[in-house]
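Below, each chain spelled out in residue letters.
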Amino acid sequence: MSAHFDVLIVGAGLSGIGAGHHLQKNCPDRSYAILEARDCIGGTWDLFRYPGIRSDSDMYTLGYSFRPWTEPKAIADGPSILNYVRETARLSGIDRNIRFNHRVVRADWSSAESQWTVEVERGAERTIERFTCNFLFMCSGYYKYDKGYTPDFPGIANFSGRVVHPQKWTDDIDYAGKKVVVIGSGATAVTLVPELAKAASHVTMLQRSPTYVVARPDKDKIADWLRARLPAMAAYGITRWKNVLLGMYFYRLCKRNPERVKKLILGGVRAALGPDYDVATHFTPRYKPWDQRLCLVPNGDLFESIRNGTSSVVTEEIDTFTAKGIRLKSGTELDADIVVTATGLDLQVLGGLDVSVDGTRVDFSKTMSYKGLMYSGVPNLAAAFGYTNASWTLKCDLTCEYVCRMLNYMKANGYAQCTPRRNDPTITELPWVDFSSGYVQRAVHKMPKQGSRRPWRLYQNYALDIVSLRFGAMKDEAIEYLPARRSESTEPAGRAA
């Protein structure tokens, strides 16, 4: 037995709940369901449980456009964000449309029927269940939930202590009074180190190479001032645009004058750590600002823990693990009771979904991304994917708006199918994103490409995307719309077929 819906959303995290809201508001006549592989709402913000888990974007832009963030901290902790997402689902009634423990594994498109057949593994028994839908909206994130990325470290089996990846952190990990080594230099590492240092005997951040680290207050004084004087939504909207514009300005400055920004960032680090600290070795990357994401440390907590001696940074490569810790290539040994491998995510396309169109399996590495949300040759499918240089939700909100516009446009014009087509041979392929981070480069070969110009180019620019996705024409030379075929027969929405 299967049930049919106008739209199926995959994933009940930050993006999936946002998609549910936009559908209810802008396409109230369309039936939908959210299929969630886990047993709860929250996605990333429920999965990650490591100490200090927080956003690395301000909540005035990471929050939804339609629901103001009213908590005091702009750089929020994970539990507060999780509560925000779950409250949004409950207040809007979105939670009633979620089917938990439904892991989507396969989707097959039929042009003859203008619909997807979606295969799901349900529950611990992995019972196979099938749904059909006219439009498939993937909000399943961009990395594997079952495991993170850990390099094949030599000698790791010899280590007598505990090795844990932050993605698999559990409550039984006792680090109080212990020597901890955190391998990594990204957002997760700079979050973990000062938090673990509050209870550990000492925490060492072991990095192969440095990352740009910027201190920022966890509260937004302008937002607080506005909130005290204006209605919540008005204060939120002003703060949101203030932060969007500042972020866009800073990103452009990084690209136009990277040496100036580099000097500015490193000057902040020197001011925080003092003139005698070796900033050149431990906090001066080999790349330019925003060639990778900048790491945010709220209130300079990482720098404070380094100053007071509860943590330290070592910049060297690993030779091998030993029984007592890690030996570096210089011969230095770091003793450890616990090693945390904050070594990144394992990226995948559309949650690892196996997709076929009219019986032919889709290789997404051979597709091109249309407006950053659809894929060439794949009908009636969109995916929510955020910015690399700004808050995730900014792009996802616009993606949801565009999907709703497309659904309404198709209905108004009698279309049943919409498919991006690569019909301009002069458009050349470019990498998925222009980012040098290891987790991106490891996965770039399996990701869709972008094109050399619109509508295939990803500009990573919120203002340009507003023009394109919120106000742009629904029809262009790269999108093909087709009417329903006469032989089509679809059961009423939400009923067994």
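Everything quoted here is computed from the prediction, not taken from an experiment.

**What to know about the overall build of the chain**
Step number 1: Check the secondary structure of the chain and you find 13 helices and 25 strands.
Step number 2: Here the C-alpha atoms of the chain give a radius of gyration of 24 Å, agreeing with the 23 Å that 2.2 N^0.38 yields for 497 residues.
Step number 3: Considered along the principal axes of its C-alpha atoms, the chain spans approximately 75 × 50 × 50 Å.
Step number 4: Taking all 497 residues of the chain together, 54% fall into the buried category.
Step number 5: For the chain, the share of sequence-separated contacts (at least 6 apart) that also reach a separation of at least 24 residues comes to 71%.
Step number 6: If you sum the accessible surface of the chain, you get close to 21900 Å²; carbon and sulfur atoms cover 50% of it.
Step number 7: Side-chain charges of the chain comprise 64 positive and 53 negative groups, with the mean position of each set lying 4 Å from the other.

**A closer look at the environment of methionine 447**
Step number 1: Along the chain, methionine 447 turns up in the loop between helix H12 (438-443) and strand S24 (450-451).
Step number 2: The class of methionine 447 is buried, set by a relative accessible area of 3%.
Step number 3: With 82 residues separating them in the primary sequence, methionine 447 and serine 365 have C-alpha atoms 4.8 Å apart.
Step number 4: Once residues within four sequence positions are removed from consideration, methionine 447 is found in contact with Leu347, Gln348, Val349, Phe364, Ser365 and Trp432.

**Concerning the nonpolar core**
Step number 1: Membership of the largest hydrophobic core comes to 130 residues, with the highest contact counts inside it found for Ile17, Trp116, Val118, Leu136, Phe137, Phe283 and Met406.
Step number 2: In terms of residue count, the dominant contributor to this core is helix H11 (residues 392-413) (11 residues).
Step number 3: Excluding its chain neighbours within four sequence positions, the residues that come into contact with phenylalanine 283 are Pro210, Thr211, Val213, Leu266, Val269, Leu273, Tyr277, Leu302, Phe303, Ile306 and Val313.
Step number 4: With 13 residues, the next largest nonpolar core counts Phe153, Val181, Phe321 and Ile326 among its residues.

**Examining the sheet that holds strand S15 (residues 333-335)**
Where strands meet in a sheet, backbone hydrogen bonds hold them as pairs that are either parallel or antiparallel.
Step number 1: Pairing within the open sheet is antiparallel, and its three strands lie in the order S13-S14-S15. Where the open sheet ends on each side, the last strands, each with one partner, are strand S13 (318-321) and S15. When strand polarity is set aside, the average angle formed by the axes of neighbouring strands in this sheet is 25 degrees.
Step number 2: With three bridges connecting them, S13 and strand S14 (residues 325-328) associate as antiparallel partners. Note that in S14 the partner of threonine 320 across the bridge is arginine 327.

**Considerations on the sheet that holds strand S9 (residues 202-207)**
Step number 1: The parallel open sheet is built from five strands, whose spatial order is S7-S16-S8-S9-S12. At either end of the open sheet lies a strand with only one pairing partner, and these are strand S7 (162-164) and strand S12 (311-315). Strand-to-strand twist across the sheet, computed as the mean angle between neighbouring axes with direction ignored, equals 20 degrees.
Step number 2: Pairing of S7 with strand S16 (residues 338-341) involves three bridges; the strand directions are parallel.

**A few points about unusual backbone geometry**
Step number 1: That bond from arginine 454 to proline 455 is cis: its omega, 0 degrees, falls within 30 degrees of zero.
Step number 2: The phi torsion at asparagine 380 lies on the positive side, around 50 degrees, for a residue other than glycine.
Step number 3: Tracing the backbone through its elements, the reader meets asparagine 380 in the loop between strand S20 (374-375) and strand S21 (381-383).

**Here's the deal with the state of the cysteines**
Step number 1: Scanning the model with the defined rule gives zero disulfides in all.
Step number 2: Looking at cysteine 40, it has no disulfide partner, and the nearest cysteine sulfur is the one in cysteine 139, 17 Å off.
Step number 3: Cysteine cysteine 400 shares no disulfide, and the gap to the nearest cysteine sulfur, in cysteine 139, comes to 5.7 Å.

**Here we look at the pattern of salt bridges**
Step number 1: Scanning the entire structure with this criterion turns up 32 salt bridges.
Step number 2: Across the pair aspartate 46 and arginine 49 runs a salt bridge whose closest N-O atoms are separated by 3.0 Å.
Step number 3: The structure contains a network of salt bridges with shared partners spanning Arg38, Asp46, Arg49 and Arg86.

**Considering the side chain of serine 391**
Step number 1: Here serine 391 shows up in the loop between S21 and H11.
Step number 2: Those residues in contact with serine 391 that sit more than four places away from it in its chain are Ser57, Asp58, Thr61 and Leu62.

Thresholds applied
Residues numbered from 1 in each chain as written. Predicted model: local features only at pLDDT ≥ 70, side-chain atom pairs only at ≥ 80, totals over all residues. Heavy atoms only, no water. Helix = DSSP H or I, 4+ residues; strand = E, 2+ residues; numbered from the N terminus. Rg over C-alpha atoms; globule rule 2.2 N^0.38 Å. Buried < 20%, exposed > 50% of the residue type's maximum accessible area, 1.4 Å probe, protein only. Contact = heavy atoms within 4.5 Å. Areas by Shrake-Rupley, 256 points an atom, 1.4 Å probe, with all protein chains shown as cover. Lys, Arg positive; Asp, Glu negative; His and termini not counted. Charge placed at Lys NZ, Arg CZ, Asp CG, Glu CD. Core = buried A, V, L, I, M, F, W, Y, C linked by side-chain atoms within 4.5 Å. Pairing = 2+ DSSP bridges. Axes fitted to C-alpha atoms, helices over the stretch in contact; angles between N-to-C directions. Disulfide = S-S within 2.5 Å. Salt bridge = Lys/Arg side-chain N within 4 Å of Asp/Glu carboxyl O.

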